Amino acid sequence: MRMPIAQATNQASPFAPLNCPPGETEELIEPTLLTLTPTNPLPGETVQVTGSGGYIHCSGGLYNESARSFDLTLDGAVVAQLGCYANRCQTTFVVPTTINPGNYQVSTVGGSQLRIDVQDERPTFLPAVINGLATSEAFIPPVGGLGGCPANETATLIPPSLASLNPTSVAPGGSVQVVGSGGYIRCSGGLYNESARSFDLMLDGAVVAQLGCYANRCQTTFVVPTTTNPGSYDVSTVGGSQLTLVVQ
């Protein structure tokens with residue numbers, strides 16, 4: 001519940017708690033939005049919002065950082081309450097399933113705003129076959145240093161986890177679609193960085209494709225080399241995640 005805040009001076013009942021010491025004026029420092037994760041959601045997906053501010057500054061120099069909430073709007077329509085606590089504001093909201101693809105403004109009181117780009121569907125990268133192996137025709141940024149976290153926070157790479165192969169049994173020269181999750185960075189303060197990354201995908205230890213990981217999904221397609229003998233093979237990626245493919 002949003003708390004009423006006096007903007008000029010304390011005139012509250014002597015039995016009610018004051019935001020500032022008696023006789024001091026108070027100023028509400030409006031919240032400032034800092035991050036949206038992801039910035040390119042699909043309709044129906046959840047977006048994490050972080051920010052700062054949302055506290056009271058007293059004229060004597062003190063600060064009141066008790067929890068408060070503020071309307072968070074998507075193009076003017078309230079979609080959540082932004083909860084502000086000591087040193088941090090945060091919330092999540094679900095992108096309406098009825099929303100059309102396009103660029104939208106996420107904002108709160110005081111004029112702070114960020115933008116999200118609602119997608120029609122996640123980009124699909126079709127493979128190009130070179131010497132019997134599949135590679136992506138689209139550029140996928142490689143895994144680099146673990147950046148993308150707020151200053152003074154440590155970053156931990158969450159390796160991708162393979163979820164499915166389609167089909168699970170295939171003849172040499174056939175294509176296999178791979179789907180997984182993970183492949184993002186977790187910051188020590190609790191935030192997540194889900195910018196696009198790629199990881200080697202291996203068939204019994206030989207790299208056959210790049211697994212592209214995006215917000216909420218990893219995916220790629222590879223072609224089983226025509227020289228592969230019938231048998232069971234491990235499809236794997238970094239971090240030890242693997243599934244079994246049967247080559248007929």
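Since this is a predicted model, take the numbers as computed values, not measurements. (Residues numbered from 1 in each chain as written. Predicted model: local features only at pLDDT ≥ 70, side-chain atom pairs only at ≥ 80, totals over all residues. Heavy atoms only, no water.)

A. Expanded view of the nonpolar core. Ranked by internal contacts, the top residues of the largest apolar core, which has 22 residues, are Val49, Leu72, Leu74, Phe93, Val95, Val106 and Ile116. Those elements giving two or more residues to this core turn out to be β2 (32-37), β3 (46-52), β4 (55-58), β6 (68-74), β7 (77-85), β8 (88-94), β9 (102-108) and β10 (113-118). Each residue touching Phe93, except ones within four places of it in the same chain, is listed here: Glu45, Thr46, Val47, Val49, Leu72, Leu74, Val79, Ala80, Val106 and Ile116. Counting residues in hydrophobic clusters, the runner-up holds 19 residues, among them Leu203, Ala209, Cys218 and Val224. (Core = buried A, V, L, I, M, F, W, Y, C linked by side-chain atoms within 4.5 Å. Buried < 20%, exposed > 50% of the residue type's maximum accessible area, 1.4 Å probe, protein only. Helix = DSSP H or I, 4+ residues; strand = E, 2+ residues; numbered from the N terminus. Contact = heavy atoms within 4.5 Å.)

B. Focus on the sheet that holds strand β5 (residues 63-64). The antiparallel open sheet is built from 3 strands, whose spatial order is β1-β4-β5. This sheet does not close on itself; its edge strands, each paired only once, are β1 (26-29) and β5. Where β4 lies against β5, 2 bridges are found, and the strand directions are antiparallel. Of the residues in β5, the one forming a bridge with His57 is Tyr63. (Pairing = 2+ DSSP bridges.)

C. Looking closely at the state of the cysteines. Tallying each qualifying case throughout the model produces 2 disulfides. The disulfide that involves Cys84 links it to Cys89, with 2.1 Å between the sulfurs. Here the S-S torsion is close to 110°, and the disulfide linking Cys84 with Cys89 is therefore right-handed. On the basis of relative accessible area, Cys89 is assigned to the buried category, the value being 0%. Here Cys213 pairs with Cys218 through a disulfide, and the sulfurs are 2.1 Å apart. Taking the sign of the S-S torsion, about 110° here, the bridge from Cys213 to Cys218 comes out right-handed. The residues Cys213 and Cys218 share a single accessibility class, namely buried. (Disulfide = S-S within 2.5 Å.)

D. Broad picture of the side chain of Thr50. Relative to the helices and strands, Thr50 resides in strand β3. For Thr50, a relative accessible area of 3% corresponds to the buried category. Within polar-contact distance, the side chain of Thr50 engages the side chain of Thr35 at 2.4 Å. With residues up to four places along the chain from it excluded, the contact list for Thr50 reads Thr32, Leu33, Leu34, Thr35, Arg88, Cys89, Gln90 and Leu191. (Polar contact = N/O pair within 3.5 Å; in protein donor to acceptor, adjacent residues only side chain to side chain.)

E. Here's a closer look at the sheet that holds β9. One open sheet holds the 7 strands; their spatial order is β2-β3-β8-β7-β6-β9-β10, and the pairing between them is antiparallel. Two strands bound the open sheet, and with one partner strand each, they are β2 and β10. Averaged over all adjacent pairs, the angle separating strand axes in this sheet is 25°, with direction ignored. Pairing analysis gives 3 bridges linking β7 to β8, with the strands arranged antiparallel. Each bridged residue has a counterpart across the sheet, and for Cys84 the counterpart in β8 is Cys89. (Axes fitted to C-alpha atoms, helices over the stretch in contact; angles between N-to-C directions.)

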